[in-house]
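Now for the letters of each chain:
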Amino acid sequence: MKVLKFGGTSVGTVESIKSVLDIVKKSYDDQEKPLVVLSAMSGVTNLLTKMAENAAERIPFDEDLKQLEHRHFEVVKALIAVKYQNPVFTKLKLMLNELDDILQGVSALKELSAQSKDLIVSFGERFSNYMVSKIMEQYVPVSTFIDASHYVKTDSNFGNANVNEELTTQLVQSLAQTHADNLLFVTGFIGSNDKGRVTTLGRGGSDYTAAIFGSILNASVIEIWTDVNGMLTADPRIVKKAFSLPVLSYTEAMELSYFGAKVIYPPTMIPAFMKKIPIAIRNTFRPEFPGTIIQFESDSSSYPIKGISSISDISIINLSGSGMIGKSGFSGRLFTLLAREQINVVLITQSSSEHSITFAVNPSDAERALRLIGQEFELELQANILVMPEVEENLSVLAIVGENMKRTPGISGKLFHALGRNGINVRAIAQGSSEFNISVIISKEDLAKALNAVHDAFFAELKKTLHVFNLGTGNIGATLFKQLHEQHDFLLENNDLEIKVVGVSNSRKMYFNEEGVDLGTWSAQLENEGEVADLAGFVERMKTMNLPNCVFIDNTASKLPSTYYEDIFKANISIVTCNKIANSGDYAQYKLLRDTARKHGVDFFYETNVGAGLPIVRVLKDLMMSGDRLLQIEAILSGTISYIFNNFTGDASFYDVVKKAQELGYTEPDPRDDLGGVDFMRKMLILARDAGYQIEPSDVNLGAILPQACLEATSVDDFYTELLKADQYFNALKEQAQAENKVIRYIGKLEEGKVSIALEMVDETHPFYSLSGSDNIISFTTERYKERPLVVKGPGAGAEVTAGGVFADLVNVGA
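The structure displayed is predicted, hence computed values, not measured ones.

Undergrad: Kindly report on the overall build of the protein chain, identifying the contributing residues and their values.
TA: Looking only at helices and strands, the protein chain features 29 helices and 29 strands. The C-alpha radius of gyration computed for the protein chain amounts to 37 Å, which surpasses the reference 28 Å derived for 815 residues by more than 25%, pointing to a less compact arrangement than a globule. Its C-alpha atoms give the protein chain principal-axis dimensions of roughly 120 × 75 × 50 Å. Per-residue burial over the protein chain gives 52% buried out of 815 residues.

Dropping the structure here:
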């Protein structure tokens, strides 16, 4: 036979009760000999408790009694044929009258004893089981209502009674023999003492009833039907990627349940454990789903852990002092005191020096524990050999659980790396020698981020999620969103990576959506639902949202965002930027940002600072990391200047080429912003610094392209007038280059720690000779690439390639 237990949500509505009936009928028809245990309808136990407490205070409870009657009567009207309803109504009404009499007695005495409270709340299970048994009787005539208080015998510890196993076994076995052919509906949660007074079995009492009956009757399985798909890898309300576990061992289920998994209450499983009876956790509303089987031994799993559980609110007390060192019996004295006073200790950790003990308790017990310790160790505290303990509050416990952890190296390393990379400080650690559980205490505000980060780390077959906050929605930002949108499915399928843009801001508005901004309609969302843009507020909101694997993208050319980079790194958020201002200012600022990112274990990627989408920064880093020695860098890192000199040939004048470049959009509105070479200088400065040189902007020898008169012109029109006058100067350069079979190039050089940028003439043996269009080019001469330098060449500007470079940096975050 098997035991089917249904919780309150399973019998909470007409529709859910229909599902229960279908499940029970199928089991009965399949000749599985089911015994059914039901809880009270959802919310009824709380309502009965409220009525009892109100009665003791002489607060009217009539409306609540009517509500109770209405809920049950509505189910009867919906699910029992009219001709069979009256006897059911009569019986329910008699029980309601009995309940009313008891409540009137409590009200008259103005006293609610534990015994009376147990009797009152027991009506919830009696109502539901009687009612559902009568509904089922229409389909299975041998359906029978059983009041478990006549068969489950307990002591008189009302509210949390202990079962008399020997007597209960005799009575349940007798019941089974008497009703061998009947379909029994047994009240969960309740029993009675030796005087026949109704008792309740405490938290998880209906599960306990199911386990008791299953154990005594040697059931093949005990099925706990609830409203979730079994036991999950984590709390699905916090971790959206949590999934159902097919198999757990009793130990794993105990550990997960102890640390907050509410599906089953650990002590209630003990009778089943003793007989090695499997427990199945099933979903009433998805009966086809297999759920979770809890059995004696775990199954083989490809995952290193089975699940992540947590207790959201905990306090810790730290006791330290020289009086503890080598003092035998100290721990026994401390924990005997706490046990005697019914203070449950959730977690204990002690330093190997014996100088301190840290333990966690429920916040409601913390102050009392502190007071008791002060009294117990008064002499030691007065002698200053113990430090007066303090309570730390607003903490949580996170625990990873699984039998596969045993003797598997690297588990704790992976846990602490996931926490550390996301800036989550661990206050205390505990691991038993069984290695089934590693528990850490962290700040309560970090719990959601920690659960998601650790879940991503251990369940690698799932998709890693990056949470992106993007600043700047111009050409590059908009193009990046288009690329992310187009590549979303590819990244999921081929890279196990999901990128969620959760924050967007431009100079006017900002918009946040923790579930992810729709990148197909982001512009409309920003415009219609966004709030007024505020950079400080944007950064603060990003930090407050406290999401795991967080990345800040700066797609602007503004100086202001870079002033927040340090704080962003300190919040353990990685940065990807195409904005070169932060890296090309003072060297001290450049070094501070790199050091801060490294200290907090986050990434700082800026490939697009130098060559848009060209792999220049990463190539230099790889050369340096692999031990190659840099001898020289030569580069043309301005698409505008490249275009101008590549087209300054034949009969074209320099004036005409610059004018056309502006018309084609290659230059800034004032071409001197490009031809002045400042942007090129910044790129060379970044490369020099990445190569290990402490160089300031003033150290760069920046050669001029334009005559002084062009630079000093007061307007763009005046600039072009002066440029026309300078035709003779530029034509002379062109003619000299042609005469020598060379071409003119504006080349940046890094050699022996010196950076210079100047006009040069190069012949066909030089790699820059054949440069065309607006391409960028860079040549690395190193010990390994001495005879034939390593050359990278391609487009160095444009929204598509720059956004692609930002995209490439983004997917490498945390890799």
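Undergrad: Pulling in residues and values, what's your account of the layout of surface pockets?
TA: Here the idea is plain: a probe the size of a water molecule rolls over the atoms and shows the empty space left. Looking at the second largest pocket, its volume works out to about 1100 Å³. Lining the second largest pocket are 36 residues; nearest its centre among them are Ile476, Lys580, Glu668, Asp679 and Ala797. The set of elements that each furnish at least two residues to the lining of the second largest pocket consists of α15 (475-495), α20 (608-611), α22 (639-647), α24 (672-675), α25 (678-690) and α29 (799-811). Its residues assigned to classes, the lining of the second largest pocket shows 10 nonpolar, 19 polar and 7 charged.

Undergrad: Kindly report on helix α16 (residues 522-529), identifying the contributing residues and their values.
TA: For α16, the full list of buried residues reads Trp522, Gln525 and Leu526. Buried positions in α16, seen along its axis, are confined to an arc of 95° and lie on one side of it.

Undergrad: Describe empty space enclosed by the protein, listing the residues and the values that go with them.
TA: Across all of its chains, the model carries 1 cavity of 30 Å³ or more by this definition. Of the voids in this model, the largest cavity is the one considered here, and its volume is about 70 Å³. Lining the largest cavity are Arg421, Asn422, Lys464, Leu466, Asn549, Cys550, Asn572, Ser574, Val602, Val813 and Gly814. A breakdown of the residues in the lining of the largest cavity according to their chemical character gives 4 nonpolar, 5 polar and 2 charged.

Undergrad: Residues and numbers for the sheet that holds strand β29 (residues 790-795), please.
TA: Sheet architecture is open: 6 strands sit in the order β25-β27-β26-β24-β28-β29, paired in mixed fashion. Strands at the two margins of the open sheet, each flanked by one partner only, are β25 (701-702) and β29. The pairing of strand β26 (residues 743-751) with strand β27 (residues 754-762) spans 9 bridges and is classified as antiparallel. The residue of β27 that forms the bridge with arginine 745 is glutamate 760.

Undergrad: Please set out the pattern of salt bridges residue by residue, giving values where relevant.
TA: Applying the stated rule across the entire model yields 44 salt bridges. Here lysine 543 makes a salt bridge to glutamate 540, at a shortest N to O gap of 3.9 Å. Here the residue lysine 543 and the residue glutamate 540 both occupy positions in helix α17 (residues 535-545), the gap between them amounting to 3 residues, near one helical turn. Residue class for lysine 543 comes out partly exposed when judged on its relative accessible area of 29%. As a salt-bridge pair, aspartate 809 and arginine 618 come within 3.2 Å of each other at their nearest N and O atoms. Placement of aspartate 809 in helix α29 and of arginine 618 in helix α21 (residues 617-625) is noted, with a sequence separation of 191 residues between them. For aspartate 809, a relative accessible area of 1% gives the class buried.

Undergrad: Hey, could you go over the packing of helix α13 (residues 411-421) against helix α14 (residues 447-458) for me, with residue numbers and the actual values?
TA: One can describe the packing of α13 onto α14 by two numbers: an axis separation of 9 Å at closest approach and a directional angle of 135°. Viewed along their axes, α13 and α14 adopt a mutual orientation that is oblique. The handedness of the crossing between α13 and α14 is right-handed. Only Ala450, Ala453, Val454, Ala457 and Phe458 of α14 make contact with α13, whose side of the interface consists of Ile411, Lys414, Leu415, Ala418 and Leu419. Classifying every residue of the contact of α13 with α14 by side-chain character gives 9 nonpolar, no polar and 1 charged.

Undergrad: I'd love a proper account of the pairing of strand β19 (residues 509-512), names of residues and values included.
TA: Direction of pairing for strand β18 (residues 497-505) relative to β19: antiparallel, over a ladder of 3 bridges. The residue of β19 that forms the bridge with valine 504 is tyrosine 511. Hairpin connection from β18 to β19: 3 residues lie between these consecutive antiparallel strands. Relative to strand β20 (residues 531-532), β19 is paired through 2 bridges, and the arrangement is antiparallel. Within β20, the position partnered with methionine 510 by the bridge is glutamate 531.

Undergrad: Describe in detail the environment of arginine 682, supporting the description with residues and values.
TA: Structurally, arginine 682 is set in helix α25. As a C-alpha pair, arginine 682 and valine 610 span 72 residues in sequence and 8.3 Å in three-dimensional space. In this view, arginine 682 contacts Lys580 and Ser584; residues no more than four positions away in its chain are not counted.

Undergrad: Tell me what's going on with the packing of aromatic side chains, and back it up with residues and numbers.
TA: Scanning the model with the defined rule gives 28 aromatic pairs in all. Ring geometry for tyrosine 303 and phenylalanine 459: centres 4.9 Å apart, planes at 70°, overall edge-to-face. Within this pair, whereas tyrosine 303 is found in the loop between β10 (292-295) and β11 (307-320), its partner phenylalanine 459 is found in the loop between α14 and β17 (464-471), the two being separated by 156 residues in sequence. Overall, phenylalanine 459 belongs to the buried group, its relative accessible area being 0%. Each ring, one from tyrosine 587 and one from tyrosine 590, has its centre 5.7 Å from the other, and the planes form 35°; the classification is tilted. Within this pair, tyrosine 587 and its partner tyrosine 590 are both found in helix α19 (residues 587-599), separated by 3 residues, close to a single helical turn. In this structure an aromatic cluster arises from ring pairing among Phe552, Tyr565, Phe569, Phe604 and Tyr606. The ring of phenylalanine 123 has arginine 126 lying over it, and the distance from NZ or CZ to the ring centre is 4.2 Å. Against the face of phenylalanine 296 rests lysine 276, its NZ or CZ located 4.1 Å from the ring centre.

Reading the values: rules and limits
- Residues numbered from 1 in each chain as written.
- Predicted model: local features only at pLDDT ≥ 70, side-chain atom pairs only at ≥ 80, totals over all residues.
- Heavy atoms only, no water.
- Helix = DSSP H or I, 4+ residues; strand = E, 2+ residues; numbered from the N terminus.
- Rg over C-alpha atoms; globule rule 2.2 N^0.38 Å.
- Buried < 20%, exposed > 50% of the residue type's maximum accessible area, 1.4 Å probe, protein only.
- 1 Å grid on protein atoms, 1.4 Å probe; cavity = no way out; pocket = protein on both sides within 12 Å on 5 of 7 lines; lining within 4 Å.
- Points joined across faces, edges and corners; volume = space filled by probe spheres on them.
- Nonpolar A, V, L, I, M, F, W, Y, C, P; charged D, E, K, R; others polar.
- Arc of directions from axis to C-beta.
- Pairing = 2+ DSSP bridges.
- Salt bridge = Lys/Arg side-chain N within 4 Å of Asp/Glu carboxyl O.
- Axes fitted to C-alpha atoms, helices over the stretch in contact; angles between N-to-C directions.
- Parallel < 35°, antiparallel > 145°, perpendicular 65-115°, else oblique.
- Left-handed = near helix turned anticlockwise from the far one by under 90°.
- Contact = heavy atoms within 4.5 Å.
- Phe/Tyr/Trp six-rings, centres within 6.5 Å; stacked < 30°, edge-to-face > 60°.
- Lys NZ or Arg CZ within 6 Å of the ring centre and 35° of its normal.

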